[in-house]
Amino acid sequence: MKKDEIIQTLRSEAEAYTPKPAIDVSAARALPVPEGEVIAASKTRKILVPVLCALLGVLLLLVALFPVFFRENSVTTLVISINPSAEFTLENGKVSKTKPLNRDAVLLLNGQDFTGKTAKEACLTFATLASERNLIGPDGVRIRVSGGKVGKIEKDIHAALDTLFSVGELDDETFNSLLGGYDEDEIEKFGDYLTKQYADKKSEYLQKAKELLASYKGDVETLDLSDRQAIEAFNKKYLLLGEDFLIEEDEDDDFDEIKEDLSEECDEMLKLLERNSEKAFEELFEGFLELLEEGYDD
């Protein structure tokens, strides 16, 4: 049998034994689709595409905003009140803005940069500066925290300050009074004045302090502590040296002991001035504040 005849025989047998499909696929492929159905499908696709795009956009927006909606508030406001009072704004746990709330704080914050400090670091630095300048009164250090992570921040501040200072909460009445008396324009003007006058006034003050200390012991020795008018005149003269050098009018201790204590205070300050004028200035700062504010009011 020839080659061509063998191929023809195999082809005939394959066709004979291959099962026929129940549906004629070629015919089905050729069936016409009604025109209305084509238009409906097209319209459906046109509507679904923008809808799906819009839904995808909303989904992406929600994913982007998820951290904002569900994270804890990262902005915190911390007010610390001693005698100088200040407000610190913290973002993500670090100081981003410092605002003095009174003149004492303007002076205390002069030349200081709190940016980047944590709440406890800011409070510790502020309280330490106030302590060095004898500005912490009987109420000690009072704080008020609002915004995010209040409990944790308060705990951290107390842990850092409690062993060094008396720390309490700033009550509503004092807080409202503090903010009610805050004048942003006035504080800015005083800050500008301080920037221009600080160095000159500081030098002037230290010179006056030395002069006052030179006459202080002699005036203490001759002072009649039973004469209230004499005490008032003495306190007025030495006001710039600060409270530690003044005499309380209701003083009822032994006169000789009072004079001895005041003389010793004077000697210690004179020695400190000779040894470390900057440290002496820190201790005499309250008097400097009086001088600077008097000059500004004039």
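Data block above holds the structure.
Thresholds applied
- Residues numbered from 1 in each chain as written.
- Predicted model: local features only at pLDDT ≥ 70, side-chain atom pairs only at ≥ 80, totals over all residues.
- Heavy atoms only, no water.
- Helix = DSSP H or I, 4+ residues; strand = E, 2+ residues; numbered from the N terminus.
- Contact = heavy atoms within 4.5 Å.
- Areas by Shrake-Rupley, 256 points an atom, 1.4 Å probe, with all protein chains shown as cover.
- Buried < 20%, exposed > 50% of the residue type's maximum accessible area, 1.4 Å probe, protein only.
- Pairing = 2+ DSSP bridges.
- Phe/Tyr/Trp six-rings, centres within 6.5 Å; stacked < 30°, edge-to-face > 60°.
- Expected span 1.5 Å × (residues − 1).
- Bend = angle between axes of the 7 residues up to and from the residue.
- Polar contact = N/O pair within 3.5 Å; in protein donor to acceptor, adjacent residues only side chain to side chain.
- Arc of directions from axis to C-beta.
- Core = buried A, V, L, I, M, F, W, Y, C linked by side-chain atoms within 4.5 Å.
- Axes fitted to C-alpha atoms, helices over the stretch in contact; angles between N-to-C directions.

Engineer: Describe the overall build of the protein chain, with residues and values.
Structural biologist: Within the protein chain one finds 12 helices and five strands. Long-range contacts, defined as pairs at least 24 residues apart, comprise 63% of the intrachain contacts of the protein chain with a sequence gap of at least 6. Accessible surface for the protein chain amounts to roughly 19000 Å². Of this, 53% is attributable to carbon and sulfur atoms.

Engineer: Account for the side chain of H158, with residues named and values stated.
Structural biologist: Within the secondary structure layout, H158 lies in helix 6 (residues 150-161). For H158, a relative accessible area of 19% puts it in the buried group. The residues contacting H158, other than those within four sequence positions of it, are I143, V167 and E169.

Engineer: Run through the pairing of strand 4 (residues 141-147), naming residues and quoting values.
Structural biologist: The pairing of strand 1 (residues 75-81) with strand 4 spans six bridges and is classified as antiparallel. Opposite T76, over in strand 4, you have G147 as the bridge partner. Bridge analysis of strand 4 against strand 5 (residues 167-169) gives three bridges, and the strand direction is parallel. Bridge pairing links V141 to V167 in strand 5.

Engineer: Lay out the packing of aromatic side chains in plain terms, naming residues and giving numbers.
Structural biologist: The tally for this structure, following the rule as stated, stands at 12 aromatic pairs. Here the aromatic rings of Y216 and F234 are separated by 5.5 Å at their centres, their planes lie at 50°, and the arrangement is tilted. Note that Y216 is positioned in helix 8 (residues 184-222) and F234 in helix 9 (residues 228-237), a separation of 18 residues in sequence. Residues Y216 and Y238 carry aromatic rings whose centres are separated by 4.9 Å and whose planes lie at 85° to one another, so their mutual orientation is edge-to-face. Pair noted here: Y216 is in helix 8 and Y238 is in the loop between helix 9 and helix 10 (255-275), with a separation of 22 residues, a long-range link.

Engineer: Can you break down the pairing of strand 3 (residues 94-100) residue by residue, with the values?
Structural biologist: A regular strand carries its side chains on alternate faces of the sheet. By the bridge criterion, six bridges tie strand 2 (residues 85-91) to strand 3 in an arrangement that is antiparallel. For F88, the partnering residue across the bridge sits in strand 3 and is T98. A loop of two residues connects strand 2 with strand 3, the two strands running antiparallel in sequence, and N92 in this loop sits at a positive phi of about 55°.

Engineer: Describe the side chain of R142, naming the residues involved and giving the relevant values.
Structural biologist: By the element assignment, R142 lies in strand 4. The exposure class assigned to R142 is buried, which follows from its relative accessible area of 15%. Each residue touching R142, except ones within four places of it in the same chain, is listed here: V79, I80, S81, G168, E169, L170, D171 and T174.

Engineer: Any chance you could break down helix 8 for me, citing the residues and the numbers?
Structural biologist: Between the first and last C-alpha of helix 8 there are merely 47 Å, a value that for 39 residues lags more than 12% behind the 57 Å anticipated at 1.5 Å per step. Remark: the principal bend of helix 8, roughly 60°, maps to Q197. Where helix 8 begins, one side-chain oxygen reaches toward the backbone nitrogen of D185, 3.1 Å away; that side chain belongs to D183.

Engineer: Could you give an account of the environment of V79, with specific residues and numbers?
Structural biologist: Along the chain, the position of V79 falls in strand 1. C-alpha of V79 to C-alpha of P100: the two residues are 21 residues apart in sequence and 9.8 Å apart in space.

Engineer: I'd like a description of helix 5 (residues 119-132), backed by residues and values.
Structural biologist: The terminal C-alpha atoms of helix 5, which comprises 14 residues, lie 20 Å apart, in line with the 20 Å expected from a rise of 1.5 Å per residue. The complete set of buried residues in helix 5 reads A119, A122, C123, F126, A127, L129 and A130. Across the axial projection of helix 5, the buried residues extend over an arc of 160°, all falling on one side. Buried residues along helix 5 sit against strand 1, strand 2, strand 3, helix 4 (103-109), strand 4 and helix 6. One or two positions beyond helix 5, positive phi appears at N134, with a value near 55°.

Engineer: Help me get a handle on the nonpolar core, residues and values and all.
Structural biologist: Within the largest apolar cluster, 64 residues are counted, with the highest numbers of intra-cluster contacts made by F88 and F126. Sort the elements by how many residues they give to this core and helix 8 lands first, with 12 residues. In this structure F126 touches I80, I82, P84, S85, A86, F88, A105, L108, L109 and F114, once residues within four positions along its chain are discounted. Ranked by size, the runner-up nonpolar core spans five residues in total, among them V79, L101, L170 and L178.

Engineer: Can you lay out the sheet that holds strand 4 for me, pointing to particular residues and giving the numbers?
Structural biologist: Read across the open sheet, the five strands follow the order 3-2-1-4-5; overall the sheet is mixed. Strands at the two margins of the open sheet, each flanked by one partner only, are strand 3 and strand 5. Across this sheet, the average inter-strand angle for adjacent strands is 25°, counted without regard to direction. Where helix 5 meets the sheet, its contacts fall on strand 1, strand 2, strand 3 and strand 4, and the angle it forms with strand 2 comes to roughly 160°.

Taken by themselves, the reported measurements are silent on function.
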